[in-house]
Amino acid sequence: MYVKGLQFQNFRNLSDDCIKPCEGINVIYGNNAQGKTNILEALWLFCGGHSFRASRENELVKYGEKFYKLKVKFFSQDREQDAEIIFNGGKREVVINGVKKASSTALIGRYTAVIFSPEDMTLVKRGPSARRRFIDSAICREKFQNAVLLAKYNQTLNQRNALLKDIFRHPELKKTLDIWDDTLCDLGAAIILQRLSYIEKLSKKAREYHFGISDNTEELSLSYISTCAAENGDSKSEIFEKLKKSLHESKSEDFRSGYTNVGPHRDDFDIIINDRKAKIFASQGQQRSAVLSLKLAEAQVLSELTGENPVILLDDVLSELDRKRQDFLLNKINGYQVFITCCDFEVNNLLGEGKKFLIQNGEVKQ
């Protein structure tokens, strides 16, 4: 797929405008704090989720305004399509090909993108929550059903945690905990099964990329870390039983902490280079190579699963990489539509036959 046009109104600091990118490399350049990343953020929102920067959607509305509106025209599934996102009064409205939808998750499978940001370069060393977000974001862009699963699981988890806090004051409520456990285990088993499948596919692709970027000297693999000992080859029913057993065994700890201590919300995955855990032993260069391999693998897996090449969004990430890794990345994304943010001096080295957009004080100069 590729984007044919992006229109924005009252979005961040951007002046109302419409840009028409090319199908190859699109370079968005300018000084810092001018609005370059806002273009990528707007493109990312159509993936069906939330901003990769803001925690609250009202932060995306231009200062002094009450709403924002985005519209994208894109080619996908062998036809031209369009979608709009309007955020007004705390509510988001989504329209796809002229039809109003319940949420932007309806775009999953039609519109696909992969984001590389400076924060991603720290994925290896960061805590488990960052790696869980990485997996869940990926599986949600694979299938709409995965996004629904995660939403239901988190809702059930919040209800169980609320009950655990009430049990501290009202011990007689302990017997009602089993009501939530079966639902939590059913949803949790489905999520873990999807994660295990995704990690297996991602690991194979990332291994190939990392082998290339390390000049055939390093082997990368991924290993899912389950709090209920789920592993590759387990069926959903087997994971359900393991999760149910782990929940039962952790009840005393749950009562003390007022929190559910096992389940996919506490899982993680290890990035392993030459049989050693990267978060402990990898150098900074190895960490960046590993993340680069993971992101390229993410794009390839998404392409194979959806039948569409995702749009690649590079948010000032090239400045985080040395020349060798820059060249490797740019070579591997050949054939994708790419949006790159960078500073002025980097433009000529990146552009080639692409298109450039200068951003000054939120105004796009094409």
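Let me begin by describing the structure that accompanies this report. (Residues numbered from 1 in each chain as written. Predicted model: local features only at pLDDT ≥ 70, side-chain atom pairs only at ≥ 80, totals over all residues. Heavy atoms only, no water.)

With 66 residues, the main nonpolar core has Phe116, Ile271, Ile312, Leu314 and Leu329 as its most contacted residues. Among the elements that take part in this core, helix α4 (residues 177-213) stands out by supplying 14 residues, more than any other. For Leu329, the contacting residues outside a window of four places in its chain are Phe116, Leu292, Leu296, Leu314, Val317, Leu318 and Leu321. If you look at the next biggest cluster of nonpolar residues, it comprises 37 residues, including Ala42, Val72, Ala83 and Ile115. (Core = buried A, V, L, I, M, F, W, Y, C linked by side-chain atoms within 4.5 Å. Buried < 20%, exposed > 50% of the residue type's maximum accessible area, 1.4 Å probe, protein only. Helix = DSSP H or I, 4+ residues; strand = E, 2+ residues; numbered from the N terminus. Contact = heavy atoms within 4.5 Å.)

It is worth spelling out helix α3 (residues 144-169) at this point. Its 26 residues give α3 an end-to-end C-alpha distance of 39 Å, which sits within 8% of 38 Å, the value for a rise of 1.5 Å per residue. Of all the positions in α3, only Asn146, Ala147, Leu149, Leu150, Tyr153, Thr156, Leu157, Arg160, Asn161, Leu163, Leu164 and Ile167 are classed as buried. (Expected span 1.5 Å × (residues − 1).)

Here we come to the sheet that holds strand β10 (residues 268-273). The antiparallel open sheet is built from three strands, whose spatial order is β9-β10-β11. In this open sheet, the two strands that pair with only one neighbour each are β9 (220-225) and β11 (276-277). In this sheet, β10 lies alongside β9 in antiparallel orientation, the contact comprising six bridges. Across the sheet, Ser223 pairs through a bridge with Asp270, a residue of β10. Contacts from helix α2 (residues 128-142) reach β9 and β10 within the one sheet, and its direction differs from that of β10 by about 95°. Here α4 sits on the sheet in contact with β9 and β10, set at roughly 165° to β9. (Pairing = 2+ DSSP bridges. Axes fitted to C-alpha atoms, helices over the stretch in contact; angles between N-to-C directions.)

A few words on the packing of helix α8 (residues 284-306) against helix α9 (residues 323-332). For the pair α8 and α9, the least separation of the axes is 11 Å and the interaxial angle reads 5°. Of the possible angle classes, the one that applies to α8 and α9 is roughly parallel. The residues of α9 that touch α8, namely those facing Gly285, Gln286, Ser289, Leu292 and Leu296, are Arg325, Phe328, Leu329 and Lys332. Here the residues of the contact of α8 with α9 sort into four nonpolar, three polar and two charged. (Parallel < 35°, antiparallel > 145°, perpendicular 65-115°, else oblique. Nonpolar A, V, L, I, M, F, W, Y, C, P; charged D, E, K, R; others polar.)

Strand order in the open sheet formed by six strands is β2-β1-β4-β5-β6-β7, and the pairing between neighbours is antiparallel. Two strands in the sheet have a free side with no partner beyond their single neighbour: β2 (17-19) and β7 (99-101). Ignoring strand direction, the axes of neighbouring strands in this sheet form an average angle of 20°. Bridge count between strand β5 (residues 79-88) and strand β6 (residues 91-96): six bridges; the pairing is antiparallel. Counted as the bridge partner of Ile86 is Glu93 from β6. Against the sheet, helix α1 (residues 36-45) touches β1 (2-9), β2, β4 (67-76), β5 and β6, its axis set at about 110° to β1.

Moving on: the pattern of salt bridges. In this structure the tally under the stated criterion is 28 salt bridges. The residue Glu298 makes a salt bridge to Arg141 at a minimum N-O spacing of 2.5 Å. Of the two residues, Glu298 sits in helix α8 while Arg141 sits in helix α2, which places them 157 residues apart along the sequence. Exposure class is identical for Glu298 and Arg141. Each is buried. Asp182 is the salt-bridge partner of Lys244, the closest N and O atoms lying 3.2 Å from each other. (Salt bridge = Lys/Arg side-chain N within 4 Å of Asp/Glu carboxyl O.)

Moving on, we come to the pairing of strand β3 (residues 25-29). With four of five residues buried, β3 is to be regarded as a mostly interior element. Both β3 and strand β13 (residues 338-342) contribute to a ladder of five bridges, which runs parallel. Along β13, the bridge assignment pairs Val27 with Ile340. As judged from the four bridges shared by β3 and strand β14 (residues 355-360), these two strands associate in the parallel manner. Across the sheet, the residue bridging to Val27 is Lys356, located in β14.

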